[in-house]
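# Residue-level structure breakdown
Read off the chains here:
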Amino acid sequence: MKDFLWGGASASYQCEGAWQEDDRVESMWDHYLHENNLENGDVASDHYHRFEEDIRMMKEGGQNAYRLSLAWPRIIKNREGEINQKGISFYRRVFETCRKYDIEPFVTVYHWDLPQYLEEKGGWLNEETAYAYEHYAKVCFEAFHDLVKEWVTFNEPKWFVCSGYLIGNYPPCHKSPQDTITAAFNVMYASALGVKAFREGKYPGKIGIVHSFTPINGVDGTLATKIAMRYADNYCNNWILDTAAKGEIPIDLLTTLSKKYDLSMITEKHLKVIKENKVDFLGLNYYSRALVKPYSSGETTLVVNNSGKKGKGTSKVIIKDWFEQVYDPNSTYTEWDTEIYPKGLQEGLKEVWEKYHLPIYITENGVGMYEDVTVDQVQDDYRIEFMNDHINAMLNAKDDGVDIRGYFAWSPFDLYSWKNGCEKRYGLVAIDFDHGLVRKPKKSYFWYKEMIESNAETIKRKRL
Ligand code: BGP
C-alpha cells in the first residue's frame, strides 16, 4: 500500500462557515437556505478559523491526505470574473498547513456552492456558467499549482443536478426533466473545459472527476430486468463516467431522450471539447447501490428521505418507462433510508475498472447517524464496522487487480449535511455545534489511525 492515500473528505460550504468574511459573496445555497429559513452553513464547523486544528488532528489520526473543495464565492467576486485575493490567500494558508503536516491536498474545484450572481443569470441552465467555470478553474490552477497536485473538476454532477433540477429538494428547486438534461450537459461540458484549461496550462499533477457512484443490481436475470438495469445505469452513472472517462455521452441515452426532449444545445463544437478532454482518474463516492426492477406503472416519482425518520420521508425512485428502485426487506438501512451494502463497492469497483481502466480513488465513504456528542467520547462502533466492511470490500477489489489509489472517509470531522442539517453526523471527530464547536475524537478516529498505521492489516477480511 505504498503511496496509498488515506484521508478524510469535506466540502467548503459544509464546513467553513464565515459566510460573509473576507468579501466572500453569496452562494446559491446561502440564498436558498436564508430565503426559506432553513438550517444553514453560516457557521458550520467554523473550519475557516479552525482549519489548522482540523488538519493537525488528521495528521495525528494517521491520515496523509485531505480532500476539500474551494468556494467559488470566495475566489471570484462578480460576473466580470474579478479575483478576490483574500480568498486566494485563505486557501494558500490551508494548503501550506497541509504541506506542513505532510498531508496531500486533494482539491475539488466545484462542490455545489455556485455564486448567486451566476444563479441569477440562469445558473447551470445557462451555457455562460460553463465559461465562467472555465475562468474560475484557470484562476485556481494558476493560484495553487505549486501546492496542489491532485485536482477534481466537479463533485457529484448526478447528485446536485438531479436534486436541483428534477427532484427539487436542492436549489434552484426545479422539477423539470428538460432543465435536468440542459443543466447536466452544461456541467459535463464545463468539466471538460476545466480539463482543457488544466492541460493547456501544463500544470503538474492529475485531474479527475468525482461521482456519486451507485452500482446497479437487478432483482432477477430476465431480459426486462437487464433493460431496466441499463436505464438505471444511464440515469445514475453512465452520463457522468462515460462522458468524463471516454469523452462520449451514452448513445442509447441520447437516442431515448431525443424522442421527447430538446437536445439542440449539444453541438459538434461541444462534443469535440468533451472528446478531447478526458480525465486522468475517477473519484467514486460510495454510499449505496440501487436494486432495480422493470417499470410497471405510475408517474415518475423521486422522493428523498431528508427527514432522518425511517418510513417518514421514505425514499422512492420510479422513472416512468425506465425502471423502479426496490428495497431489499432483508437488508439494513440507516434512518435516512440508505442501504448499508459493502458488497456493492467490491463489485462496482470491478465494473468501473473493466469499463474505463483508469486509476480510482474512493473519494467519500461513510455513514450518517444521530449521535450524542456531549459525552467524553462517542462510541461509534457502527461506524467502525461500516468502515471495516467497506475498506475490506475495496481491498478485495484491489486484490482482484483494480487500480485503487486512495480512500477518503466522509468526513474527518462533523459538518453540515445539506438538507439534513448538522444532526446527521458523519465525522471521525465530534463537533458540538451548540457548545463552542469543541472538537473531540470519536472511537472511530483511533480505529482509523491504527488501521492506517498497520497498513490495513487490522481490517477483518472476508470475501463478499
Ligand atoms: C455526498 C456529497 C457530500 C455529503 C455526502 C453525504 O453526496 O458529496 O457533500 O454531504 O454525500 O450526504 P448527506 O450529507 O446528504 O447525507
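Within every chain, residues take consecutive numbers counted from 1 along the sequence as written. It should be noted that, the model being predicted, local features are given only for residues of pLDDT at least 70 and side-chain atom pairs only at 80 or more, the latter also being counted only at that level, while totals for whole chains, interfaces and linings use all residues. To obtain the side-chain values, all non-hydrogen atoms of the structure were used and water was disregarded.

### Some thoughts on the layout of surface pockets
Cavities and pockets were defined on a 1 Å grid built over protein atoms only: a cavity is a set of grid points that admits a 1.4 Å probe from which the probe cannot escape, a pocket is an open set flanked by protein on both sides within 12 Å along at least five of seven lines, and lining residues are those with an atom within 4 Å of any such point. Grid points are joined across faces, edges and corners, and a volume is the space filled by probe spheres set on the points. By volume, the largest pocket is sized at about 780 Å³. Among the elements that take part in the lining of the largest pocket, helix H9 (residues 177-200) stands out by supplying six residues, more than any other. Nonpolar residues are Ala, Val, Leu, Ile, Met, Phe, Trp, Tyr, Cys and Pro. Charged residues are Asp, Glu, Lys and Arg, and all others, Gly as well, are polar. For the lining of the largest pocket, the residue count by class is 22 nonpolar, five polar and six charged. What the second largest pocket holds in volume is close to 210 Å³. If you go around the second largest pocket, you meet 16 residues; those closest to its centre are Ile340, Val367, Met369, Tyr382 and Phe386. Secondary structure elements follow DSSP: runs of H or I no shorter than four residues count as helices, runs of E no shorter than two count as strands, and numbering proceeds from the N terminus. With five residues, helix H14 (residues 381-399) is the largest single contributor of residues to the lining of the second largest pocket. Looking at the lining of the second largest pocket residue by residue, the classes come out as nine nonpolar, four polar and three charged.

### With respect to the site of the ligand
Nearness is judged by heavy atoms alone; a residue qualifies as near a molecule or strand once a single heavy atom is within 4 Å of it. The environment of the ligand is made up of 14 residues, and the closest members are Gln14, Glu156, Ser417, Lys424 and Tyr426. Counting of polar contacts relies on pairs of N or O atoms within 3.5 Å, with two restrictions inside protein: one atom must be capable of donating a hydrogen and the other of accepting it, and residues adjacent in sequence are counted only when both atoms are side-chain atoms. A distance of 2.9 Å is found between an oxygen atom of the ligand and a side-chain nitrogen or oxygen belonging to Trp418. Asn420 places a polar side-chain atom, nitrogen or oxygen, 3.2 Å from an oxygen atom of the ligand. Within the shell around the ligand, the residues separate by chemical class into five nonpolar, six polar and three charged.

### Regarding the pairing of strand S8 (residues 290-294)
The sheet contact formed by strand S6 (residues 216-218) and S8 spans three bridges and is parallel. By the bridge assignment for S8, Ile216 is matched with Ala290. Think of it this way: DSSP has to see at least two bridges between two strands before they count as a pair. Of the pairings in the sheet, the one linking S8 to strand S11 (residues 323-326) comprises four bridges and is antiparallel in character. Residue pairing for S11: Pro294 is matched across the bridge by Phe323.

### Things to note about the side chain of Asn285
Turning to its location among the elements, Asn285 is positioned in strand S7 (residues 281-286). Buried residues are those whose accessible area, probed at 1.4 Å on protein chains only, stays under 20% of the maximum for their type, while exposed residues exceed 50% and partly exposed ones sit between those limits. Judged by relative accessible area, Asn285 falls into the buried class, the value being 0%. At a separation of 2.8 Å, a polar atom in the side chain of Asn285 contacts the side chain of Glu156. With residues up to four places along the chain from it excluded, the contact list for Asn285 reads Arg67, Asn155, Glu156, Val210, His211, Ser212, Phe213, Thr363 and Glu364. Working rule for contacts: check all heavy atoms of both residues, and any pair within 4.5 Å makes them a contact.

### Topic: the nonpolar core
Nonpolar cores are built from buried Ala, Val, Leu, Ile, Met, Phe, Trp, Tyr and Cys residues. Side-chain atoms within 4.5 Å join them into one set. Trp124, Phe144, Trp151, Met394 and Tyr448 are the most contacted members of the largest nonpolar core, which totals 157 residues. Broken down by element, the residue count for this core peaks at 13 residues, all from H9. Look past the residues within four positions of Met394 in its chain and what remains in contact with it is Phe4, Trp6, Leu345, Leu349, Ile362, Ile404, Gly406 and Tyr407.

### Overview of the packing of helix H8 (residues 157-167) against helix H10 (residues 223-246)
A pair of packed helices can be characterised by two numbers: the angle between their axes and the separation between those axes. The geometry of H8 relative to H10 is characterised by a closest axis approach of 9 Å and an angle of 125° between their N-to-C directions. What the angle tells us is that H8 and H10 run oblique. Crossing hand, H8 versus H10: right-handed. Every residue of H10 that contacts H8 at Pro157, Lys158, Val161, Cys162 and Leu166 is listed here: Tyr235, Cys236, Trp239 and Ile240. Only C-alpha atoms enter the line fits that serve as axes; for helices the fit covers just the stretch in contact. Angles between N-to-C directions range over 0 to 180 degrees. Angles are sorted into four bins: roughly parallel if under 35 degrees, roughly antiparallel if over 145, roughly perpendicular if 65 to 115, and oblique for all others. In a left-handed crossing the near helix is turned counterclockwise from the far helix by less than a right angle, and in a right-handed crossing that turn is clockwise.

Nothing here speaks to function; it is all geometry.
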